[in-house]
Amino acid sequence: MCYSEDPEYTGAAVIALVGNPNTGKSTIFNALTGLSQHTGNWPGKTVLKAQGTYVFHGKKYVVVDLPGTYSLQSGSAEEQVAQDFLCGKRLQATVVVTDATCLERNLNLVLQVMEVTSRVIVCVNLIDEAQRKKIFIDLDCLSAELGVPVVATAARSGTGLEELKVKIEEISFKRIITNPRRLVYDPDIEEAVALIEQNLPGSVKEHFNPRWFALRLVEGNQSLLKEIEKLKWSAPCEPYRISYSGPDSKNHIPGS
Amino acid sequence: MVKKILLSELPVGRCGRVVSLRAKGMSRRRLLELGLVPETEIKTIRHSPLGDPTLFKFRGSLIALRREEARQVLVSLELL
Amino acid sequence: MNLTESPIRDRIVKTIYQEAESITSRVVRRKKSVFDWDTKLDDILTSWWFGLPIMFLLLGLVFWLTIIGANYPSQLLAKILFWGQDQLSVIFQWFGAPQWLHDFFVLGVYRTVAWVVSVMLPPMAIFFPLFALLEDLGYLPRLAFNLDRLFKLAGAHGKQALTMCMGFGCNAAGVTACRIIESPRERLIAVLTNNFVPCNGRFPTLITLAFIFMGGLAGVGAASLTVAGIVMTGVAVTLLTAWFLSKTLLKGVPSTFALELSPYRLPQIGRTIIRSLLDRTVIILTRAVLVAAPAGGLVWVLANVRPGEHSILVQGAGLLQPLGKALGLDGFILLSFILGLPANEIVLPILLMSYLSVSSMVEPDNLLALKMLLVNGQGWTWLTALCTMLFSLLHFPCGTTLFTIWRETKSAKWTGLAIIIPFMVASMVCFAINWTIRTLGLI
Ligand SMILES: Nc1nc2c(ncn2[C@@H]2O[C@H](COP(=O)(O)OP(=O)(O)OP(=O)(O)O)[C@@H](O)[C@H]2O)c(=O)[nH]1
Ligand SMILES: [Mg+2]
């Protein structure tokens, strides 16, 4: 079943739950939708994406619980599910569920997701565990650093879920506009990305975040090249070569 | 003094710093994704009861790697 | 050039991680923790001395609690449900329904459902909440960590231990869970061998047989040990089959293994128990209605329609008798396993119905009576029980699991092999045990 075709979901805002494995996505999903996805304290409990709905302030939301993933640009088919979902479809908001006791590893994914979409909410879950372990997180500071809303939750006991729903509402209906932190890569990479980005045709820009798309081309993402073919557009990136001052100066972008 | 060794040789309880990855292909990608990029601090926690895999702590979480994977990572060890 | 070897990618990943690190350093403050529970627990649960013994102990303890706890409610449920059967008969008579209609609904459909519910529900309503507690605590990844070496030796993936844990609940769920294994070769091994973990539908059969044959009505300890032994046999067969597959059909070297050991979290004990109890009850009742009821009706028909001198069931069992005997079983047992293909829950009820249709024994409404039926009525020995348990453990996946295997592999070949391999293994093991015991004159 696909939400975009289901008449029940027309007019509803579509929200994705992504995050590292075992951060409590399914628990949040259950708390939001009242369904009972299986949860368990080990990475990989959810392997099939699940879907549910809730109503907040008279508006309907479709929530999609995705399998956990460490990164968006990985090879495995299951992590591809998360990536495709975020990149290829129109989402009103993406909630990145993070583990408060292990924020660093989780921020890695947050930063990647913010490259794909700006409509991001960071949910710092397991805040009760962090308190128990005497780990303190400055949420305002985190929000300022990232440029997106941050909500602390303890999904199992329901703490912070109201606030999460409010933030989802605000992002979905564009009441607040985020300003996601932009990663700056090495100068040669940035140069190449800028060059490609300028030359991306409208059809690609419509479907993808151009900077993200250009970055993936620079690193040589093969599956995206296929994606382009689907859009009946051949890559203009081939004539460009990146010259490096670094140790890998012999490399040029793929496809050439 | 700094000595370079394979991660698989990092004794239990010692910390090292990732220098580089020797892995290729898929396994390189997996290790990178987990956060084993150069300069990452990593500590050997324990071996499994049967000797392999070994548990490492880096970037805030515990991750078990088999010997074959750990041999793909070069770490620097500060000699006391 | 391939993405996987792109140095640009290395640099991109590094930039992102460094950024995450620097943000974290500005946002997160840690106080030195007073007591590090995680490390202390890991010191015990994954230690060289205690890691594996504790694993066995936990396994044994869970079975012991299940068997001892299930006994009383099981009898109570059976009493209630068979009282219900009598009432149902009265109602049928009151309406003056024909005998065959009464027999079809009461002795076929209702009785099978009653058996499934009373035998399945209590042990599973105890086992799964216990298991869910261990799962929520965070024990499962430690299990995989402790056992990975064995899986590696067998050419398989340590995460297979996790998929096997899911297999306890349902093999179809176990097969789906194999998606967490990234390498296709190891994933396929895990898919093909998941069936060697006794699922929700077979567990109660094992428990019941162990209880009446190995334990006696007093020795719960012996019965638990038997069940634990059967499960360990399943694990051993899994490893051997995996080893065999990775030397033959699925040649290759072990691929990468990286497993995060999630932090221990204190389970919400009350909620976890109630949730898992309700879950199981719903699953078992649903399956009792959807599968056991129609199967009960069908088997009643097979047991009562007589094209010749004997019923279809008896004729079928007769055909299978030589093979069954060679495997330490009999024709009826083998036929029950075949007819039970849609769902393993119905194997035992089908068997009982077949036996009842050919014997003059009274219908068993408790375990003692069941033992009488099997031993006095059908000549079962402990060896028959053992072979039945092993065959149940190893035979072939149920229909739902086979469908899931097909969905996951999209291949008729592997789905076919998922039937053939377990069936051959089950036959070989049962034949060998039966032959050895008989040749040695132990029975
Ligand atoms: N203490 C505490 N535990 C939580 C919280 N949220 C989730 N958990 C527990 O953490 C474990 C993991 O939760 P899940 O919801 O299954 O995590 P997930 O992100 O869906 O995991 P995957 O599907 O494997 O990616 C479960 O045992 C939950 O009960 C929380 O806020 N506090
Ligand atoms: Mg989940």
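The rules behind each value
Residues numbered from 1 in each chain as written. Chains lettered and ligands numbered in written order. Predicted model: local features only at pLDDT ≥ 70, side-chain atom pairs only at ≥ 80, totals over all residues. Heavy atoms only, no water. Helix = DSSP H or I, 4+ residues; strand = E, 2+ residues; numbered from the N terminus. Rg over C-alpha atoms; globule rule 2.2 N^0.38 Å. Buried < 20%, exposed > 50% of the residue type's maximum accessible area, 1.4 Å probe, protein only. Contact = heavy atoms within 4.5 Å. Areas by Shrake-Rupley, 256 points an atom, 1.4 Å probe, with all protein chains shown as cover. Lys, Arg positive; Asp, Glu negative; His and termini not counted. Charge placed at Lys NZ, Arg CZ, Asp CG, Glu CD. Domains from an automatic or database assignment. Buried area = accessible area lost by both parts, 1.4 Å probe. Salt bridge = Lys/Arg side-chain N within 4 Å of Asp/Glu carboxyl O. Polar contact = N/O pair within 3.5 Å; in protein donor to acceptor, adjacent residues only side chain to side chain. Phe/Tyr/Trp six-rings, centres within 6.5 Å; stacked < 30°, edge-to-face > 60°. Lys NZ or Arg CZ within 6 Å of the ring centre and 35° of its normal. Nonpolar A, V, L, I, M, F, W, Y, C, P; charged D, E, K, R; others polar. Pairing = 2+ DSSP bridges. Donors = N, O, S within 2.8 Å, 3.2 Å for Na, K, Ca; no water. Near = heavy atom within 4 Å. Axes fitted to C-alpha atoms, helices over the stretch in contact; angles between N-to-C directions.

1. A short note on the overall build of chain B
Phase 1: When its secondary structure is counted, chain B shows two helices and six strands.
Phase 2: Shown N-terminal to C-terminal, the secondary structure of chain B runs as helices and strands in the order β-β-α-β-β-β-α-β.
Phase 3: In terms of overall dimensions, chain B is globule-like: its C-alpha atoms have a radius of gyration of 12 Å, near the 12 Å expected for 80 residues.
Phase 4: Its C-alpha atoms give chain B principal-axis dimensions of roughly 35 × 30 × 20 Å.
Phase 5: Expressed as a percentage of the 80 residues in chain B, the buried residues total 57%.
Phase 6: Of the contacts formed within chain B by residues at least 6 apart in sequence, a portion of 58% connects residues at least 24 apart.
Phase 7: About 3,400 Å² of surface is accessible on chain B, with carbon and sulfur atoms providing 53% of the total.
Phase 8: If the 16 positive side-chain charges of chain B are averaged to one point and the 8 negative ones to another, these points end up 0 Å apart.

2. A short note on the domain arrangement of chain A
Residues and elements named next belong to chain A.
Phase 1: According to the domain assignment, chain A consists of domain 1 (7-172) and domain 2 (187-240).
Phase 2: Contact residues are listed per partner, giving eight residues for domain 1 and 10 residues for domain 2.
Phase 3: Roughly 750 Å² is buried in total at the junction of domain 1 and domain 2, and carbon and sulfur atoms are behind 41% of that figure.
Phase 4: Our count for the contact surface shared by domain 1 and domain 2 stands at one salt bridge.
Phase 5: Measuring nitrogen to oxygen at the nearest pair gives 4.0 Å for the salt bridge that ties Arg216 to Glu115.
Phase 6: The tally of links from domain 1 across to domain 2 stands at two residue pairs in polar contact (both at pLDDT 80 or more).

3. Thoughts on the side chain of Thr208 of chain C
Phase 1: Within the element layout of this structure, Thr208 of chain C appears in helix α9 (residues 203-215).
Phase 2: Non-local contacts of Thr208 of chain C, meaning those with residues more than four positions away in its chain, are made with Val119, Leu348, Leu367 and Leu370 of chain C.

4. Quick word on the packing of aromatic side chains
Aromatic ring pairs are defined here through the distance separating the ring centres and the angle between the ring planes.
Phase 1: What the rule picks out here adds up to 22 aromatic pairs over all chains.
Phase 2: Counting every residue linked through ring pairs, the aromatic cluster contains Phe63, Phe127, Phe128, Phe131, Phe168 and Phe203 of chain C.
Phase 3: If you follow Lys59 of chain A out to its NZ or CZ, it ends over the ring of Phe173 of chain A, 4.9 Å from the centre.

5. Looking at the pattern of salt bridges
Phase 1: Summed over all chains, the structure comprises 35 salt bridges over all chains.
Phase 2: One salt bridge in this structure joins Asp43 of chain C and Arg46 of chain B, with 2.8 Å as the shortest N-O distance. A residue pair is termed interchain when its members come from two chains, as with Asp43 of chain C in helix α2 (residues 37-45) and Arg46 of chain B in strand β3 (residues 41-47).
Phase 3: Of the residues examined, Arg46 of chain B reaches a relative accessible area of 12% and is grouped as buried.
Phase 4: Taken together, the salt bridges that share partners define one network made up of Glu115, Arg216 and Glu219 of chain A, Arg30 and Glu33 of chain B together with Arg9, Lys159 and Glu182 of chain C.

6. As for the interface of chain A and chain C
Phase 1: Counting residues at the interface gives 61 residues for chain A, matched by 54 residues for chain C.
Phase 2: Carbon and sulfur atoms supply 54% of the area buried between chain A and chain C, which totals about 5,200 Å² over both sides.
Phase 3: Taken as a group, Asn41, Trp42 and Arg156 of chain A account for 15% of the area that chain A buries against chain C, more than any other trio of residues on that side.
Phase 4: On inspection of chain A and its partner chain C, the count reaches eight salt bridges.
Phase 5: A salt bridge links Asp186 of chain A to Arg11 of chain C, with the shortest nitrogen-to-oxygen separation between them at 2.9 Å.
Phase 6: At the boundary of chain A with chain C, the tally comes to 22 residue pairs in polar contact (both at pLDDT 80 or more).
Phase 7: Looking at the side of chain A that touches chain C, the elements with two or more residues in it are α3 (103-116), α4 (127-132), β6 (135-137), α5 (139-146), α7 (187-199) and α9 (210-219) of chain A.
Phase 8: The element contributing the most residues to the side of chain A that touches chain C is α3 of chain A, with seven residues.
Phase 9: Looking at side-chain class alone, the side of chain A that touches chain C contains 23 nonpolar, 20 polar and 18 charged residues.
Phase 10: The pairing of β6 of chain A with strand β1 (residues 28-30) of chain C spans three bridges and is classified as antiparallel. Within β1 of chain C, the residue paired with Ile137 of chain A across the bridge is Val28 of chain C.

7. Thoughts on the coordination of the magnesium ion (ligand 2)
Phase 1: The coordination sphere of the magnesium ion (ligand 2), as far as protein atoms go, consists of Ser26 of chain A (OG) and Thr46 of chain A (OG1), spread over 2.0 Å. Taken together, the residues span a long stretch of sequence, with Ser26 of chain A in helix α1 (residues 25-33) and Thr46 of chain A in the loop between α1 and β2 (50-56) at a distance of 20 residues.

8. Regarding the interface of chain A and chain B
Phase 1: With 11 residues of chain A at the contact, the number on the chain B side is 11 residues.
Phase 2: On inspection of chain A and its partner chain B, the count reaches one salt bridge.
Phase 3: Note that Arg59 of chain B and Glu104 of chain A form a salt bridge whose closest N and O atoms lie 2.6 Å from each other.
Phase 4: At the junction of chain A and chain B, the tally comes to five residue pairs in polar contact (both at pLDDT 80 or more).
Phase 5: Here the element with the most residues in the side of chain A that touches chain B is α3 of chain A; it accounts for three residues.
Phase 6: Split by residue class, the side of chain A that touches chain B holds two nonpolar, six polar and three charged.

9. A few points about the pairing of strand β5 (residues 61-65) of chain B
When a strand is regular, its side chains alternate between the sheet's two faces.
All names here are of chain B.
Phase 1: Counted residue by residue, β5 has five buried out of five residues, so it is predominantly covered.
Phase 2: Side-chain alternation along β5 places Ser61, Ile63 and Leu65 on one buried face and Leu62 and Ala64 on a second face that is also buried.
Phase 3: Here strand β4 (residues 54-58) pairs with β5 via five bridges, running antiparallel. In the strand pairing of β5, Phe58 is matched with Ser61.

10. Describing the site of ligand 1
Phase 1: Residues in close proximity to ligand 1 total 25 residues, the closest being Lys25, Thr27, Thr46 and Ala155 of chain A together with Arg265 of chain C.
Phase 2: The site occupied by ligand 1 is bordered by residues of chains A and C.
Phase 3: Here Trp42 of chain A contributes a backbone N or O atom positioned 3.5 Å from an oxygen atom of ligand 1.
Phase 4: When ligand 1 is considered free in solution it has 660 Å² of accessible area, and contact with the protein chains removes 99% of it.

11. Describing the sheet that holds strand β1 (residues 2-6) of chain B
Phase 1: Strand order in this open sheet of seven strands is β1(B)-β6(B)-β2(B)-β3(B)-β4(B)-β5(B)-β2(C), and the pairing throughout is antiparallel. Both edges of this open sheet fall to β1 of chain B together with β2 (258-261) of chain C, since each of them pairs with a single strand only. When strand polarity is set aside, the average angle formed by the axes of neighbouring strands in this sheet is 40 degrees.

12. Side note on the sheet that holds β2 of chain A
All names here are of chain A.
Phase 1: Strands sit in the order β2-β3-β1-β4-β5-β7 across an open sheet of six strands; the sheet is mixed. Among the strands making up the open sheet, the edge pair consists of β2 and β7 (150-152). When the angles between neighbouring strand axes are averaged without regard to direction, this sheet yields 25 degrees.
Phase 2: Examined bridge by bridge, strand β5 (residues 120-125) and β7 share three bridges and lie parallel to one another. By the bridge assignment, Val122 is partnered in β7 with Val150.
Phase 3: This element, α1, spans β1 (13-19), β2, β3 (59-65), β4 (93-99) and β5 of the sheet and lies at about 45 degrees to β2.
Phase 4: Sitting on the sheet, α3 touches β1, β4 and β5, and the angle it makes with β4 is about 165 degrees.

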